[in-house]
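Each chain, written out:
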Amino acid sequence: MGQVEYLIRRIGLAVLVILGVMLIVFLVSRVVPGDPARLYLGPRAKPEKLEEVREQLGLNDPLPVQFVRYVIGTLQGDLGYSFRTKRPILEDLKTRLPATMELVITATFLAVLIGIPVGVLGASRRGGGFDQTSRVVTIAGVSVPAFWLALLLQLVFFTWLGILPLGGRLSQDVQLNNPITRITGFHLIDAALTGNWIAWKDAAWHLILPAVVLALYPISLTVRMTRASMLEVLSEDYITAARASGLSEREILFKLALKNGIVPTLTVLGLVFAYSITGAVLVEIVFVWPGMGSYMTDAILNSDIFVLFAVTLVVTIIYVIINIVVDTFQASLDPRIRLGGGEEG
């Protein structure tokens, strides 16, 4: 199976997954307790007004008709209205999603930058002091609660040392005197594009603590997965032959072995990236980060079910896209993946 055929097959499966999630979300939205029209208008709404809203929302139509309308509306970007904000959910997501994605992308970048080299070096020095230390640290990293670490870092770097901000995306004085012109919604990118380096520095300082807290679990998982896969690769005969031919240890580890050992790690990184979008809830609450996590929390507290369904769908789409990218990259590194996909079909 060629690269193009493999990509088309993956996209086809992704479309089926998204349609399946949409069907589940739609059915759940129709069986959960509560009248959407009453949630929208409030508990004191008059019966005639409720009936009018039900007619406007199409709640009186047959379920198949409602589902088709829901799919068409979603494809057109209509994710419904928030009962709490009384605004289109898509408008809220345009503000909230970039904030979370900036945080998650930074955390994933730290996982790649730190986790892969540490995992490779740990495997190459198996049983040594560096390996033992990294294993202890990674076990702690996957065990420490994110909210506890967040509070601890705030105590150390804000209260005691006073070198990093407590929370938020920007300082109040920067918002007033050097506001960032919104282009993409990513503060670091928008500030750089407009040459607003004062705001860029302030946004970067605010990003450090929440990104480090969110990155701890991905870093630890990346280290452990990279170490395990590299240990398997380093035991292969071609690695022994490469050492016998006089290649340096650095070339063997990072050019020869890592190409085959990185494939399982990429899978984990893709899963962790998608998980971090919803797993950032506690981090965003502690650091008052105005992203998807706090948006979902407000929706839960206010029974804003359509927001929860919309967020579920958006996260699913992001998860599917990340999986396609990771699978395609893996297939380019290891053609056996494409061949396996063809045999399954």
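Residues numbered from 1 in each chain as written. Predicted model: local features only at pLDDT ≥ 70, side-chain atom pairs only at ≥ 80, totals over all residues. Heavy atoms only, no water.

Asker: Can you help me understand the overall build of the protein in this one?
Answerer: Looking only at helices and strands, the protein has 16 helices and 0 strands in total. Principal-axis analysis of the C-alpha atoms gives the protein an extent of 85 × 60 × 40 Å. Here the protein holds 345 residues, and the buried ones make up 41% of them. Accessible surface, the protein as shown: approximately 18,400 Å² in total, 66% of it carbon and sulfur. Separation between the mean location of the 28 positive side-chain charges and that of the 27 negative ones in the protein comes to 4 Å. (Helix = DSSP H or I, 4+ residues; strand = E, 2+ residues; numbered from the N terminus. Buried < 20%, exposed > 50% of the residue type's maximum accessible area, 1.4 Å probe, protein only. Areas by Shrake-Rupley, 256 points an atom, 1.4 Å probe, with all protein chains shown as cover. Lys, Arg positive; Asp, Glu negative; His and termini not counted. Charge placed at Lys NZ, Arg CZ, Asp CG, Glu CD.)

Asker: It is not clear to me how the packing of helix α5 (residues 89–124) against helix α10 (residues 197–234) should be interpreted in this structure. Could you clarify?
Answerer: The angle between the axes and the distance between the axes are what describe a pair of packed helices. For the pair α5 and α10, interaxial distance at closest approach is 6 Å and the crossing angle is 35°. In this structure, α5 meets α10 at a crossing whose hand is right-handed. Across the contact of α5 with α10, the residue classes break down as 21 nonpolar, 7 polar and 2 charged. (Axes fitted to C-alpha atoms, helices over the stretch in contact; angles between N-to-C directions. Left-handed = near helix turned anticlockwise from the far one by under 90°. Nonpolar A, V, L, I, M, F, W, Y, C, P; charged D, E, K, R; others polar.)

Asker: What exactly am I supposed to notice about the packing of helix α1 (residues 3–31) against helix α4 (residues 63–75) here?
Answerer: Look at α1 against α4: their axes get within 11 Å of each other, and the N-to-C directions meet at 125°. Here α1 lies oblique to α4, going by the angle between them. In the crossing of α1 with α4, the sense of the turn from one axis to the other is right-handed. Contacts between α1 and α4 involve Met22, Leu23, Val25, Phe26 and Arg30 on the former and, on the latter, Leu63, Gln66, Phe67, Tyr70, Val71 and Thr74. For the contact of α1 with α4, the per-class residue count stands at 8 nonpolar, 2 polar and 1 charged. (Parallel < 35°, antiparallel > 145°, perpendicular 65-115°, else oblique. Contact = heavy atoms within 4.5 Å.)

Asker: Would you take a moment to explain the packing of aromatic side chains for this structure?
Answerer: Two descriptors summarise a pair of aromatic rings, namely the distance from one centre to the other and the angle between the planes of the rings. Applying the stated rule across the entire model yields 4 aromatic pairs. Note on Trp197 and Trp200: the rings are 6.3 Å apart at their centroids and 65° apart in plane angle, and the pair reads as edge-to-face. Of this pair, Trp197 and Trp200 both sit in helix α10, 3 residues apart, which is roughly one turn of the helix. For Trp200, a relative accessible area of 33% translates into the label partly exposed. Of the aromatic side chains, those joined through ring pairs into one cluster are Phe26, Phe67 and Tyr70. Sitting over the face of the ring of Phe130, Arg125 holds its NZ or CZ atom 5.7 Å from the ring centroid. The aromatic ring of Phe254 is capped on one face by Arg250, whose charged end is 5.9 Å from the ring centroid. (Phe/Tyr/Trp six-rings, centres within 6.5 Å; stacked < 30°, edge-to-face > 60°. Lys NZ or Arg CZ within 6 Å of the ring centre and 35° of its normal.)

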